[in-house]
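Descriptive analysis of the structure
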Amino acid sequence: YGYRRCVEHLLRLIPDVPPQILGQRISLAVIYMNAVGAARERSLATPGASRLWSTPYAMLNVVDTIQAMLEAAPSEQTLATVGLLDRDVSCSQVE
């Protein structure tokens, strides 16, 4: 129930990204958060300082990347593939 409520809030907070795309991005963000969390825990458990996690802004930067994942405007190719553009965008047009 908590996850569903979170998704509903994000859908309301990020109206510029179509719901089907945002829903997939939320799933990808969860996978990303789990991977980053595991990498950080492993690094902290390993003797010696980690250059990646020892900076005071490391976790803030992780949050920034999650926000960027969710809020970035979808490409025309993605919108076309989802059926949200009137015209198709071929792979050769997107570089």
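Below is a short write-up of the structure. (Residues numbered from 1 in each chain as written. Predicted model: local features only at pLDDT ≥ 70, side-chain atom pairs only at ≥ 80, totals over all residues. Heavy atoms only, no water.)

Some points on the overall build of the chain
A count of helical and extended segments in the chain gives four helices and zero strands. When the helices and strands of the chain are listed from N to C terminus, the series reads α-α-α-α. When each of the 95 residues of the chain is scored for burial, the buried share is 23%. Put simply, the chain shows about 7,200 Å² of open surface, and 58% of that area lies on carbon and sulfur atoms. (Helix = DSSP H or I, 4+ residues; strand = E, 2+ residues; numbered from the N terminus. Buried < 20%, exposed > 50% of the residue type's maximum accessible area, 1.4 Å probe, protein only. Areas by Shrake-Rupley, 256 points an atom, 1.4 Å probe, with all protein chains shown as cover.)

Quick look at the pattern of salt bridges
Under the criterion given, the structure shown has one salt bridge. Residue R4 is joined to E8 by a salt bridge in which the shortest nitrogen-to-oxygen separation is 3.6 Å. Within this pair, R4 and its partner E8 are both found in helix α1 (residues 2-13), separated by four residues, close to a single helical turn. (Salt bridge = Lys/Arg side-chain N within 4 Å of Asp/Glu carboxyl O.)

Re the environment of S50
Its location among the elements puts S50 in the loop between α2 (19-45) and α3 (58-71). Sequence separation between S50 and R40 is ten residues; the distance between their C-alpha atoms is 9.2 Å. A polar contact of 3.3 Å, which involves the side chain of S50, links it to the backbone nitrogen of W53. (Polar contact = N/O pair within 3.5 Å; in protein donor to acceptor, adjacent residues only side chain to side chain.)

Brief notes about the environment of G23
Assignment of secondary structure puts G23 in helix α2. Residue classification places G23 among the partly exposed residues on the basis of a relative accessible area of 28%. C-alpha of G23 to C-alpha of L11: the two residues are twelve residues apart in sequence and 8.0 Å apart in space.

Remarks on the nonpolar core
Core analysis: the largest hydrophobic core is formed by 15 residues, its most contacted members being I14, L22, I26 and L70. At the level of secondary structure, the elements contributing two or more residues to this core comprise α1, α2 and α3. Top element by residues in this core is α2. It accounts for five residues. (Core = buried A, V, L, I, M, F, W, Y, C linked by side-chain atoms within 4.5 Å.)

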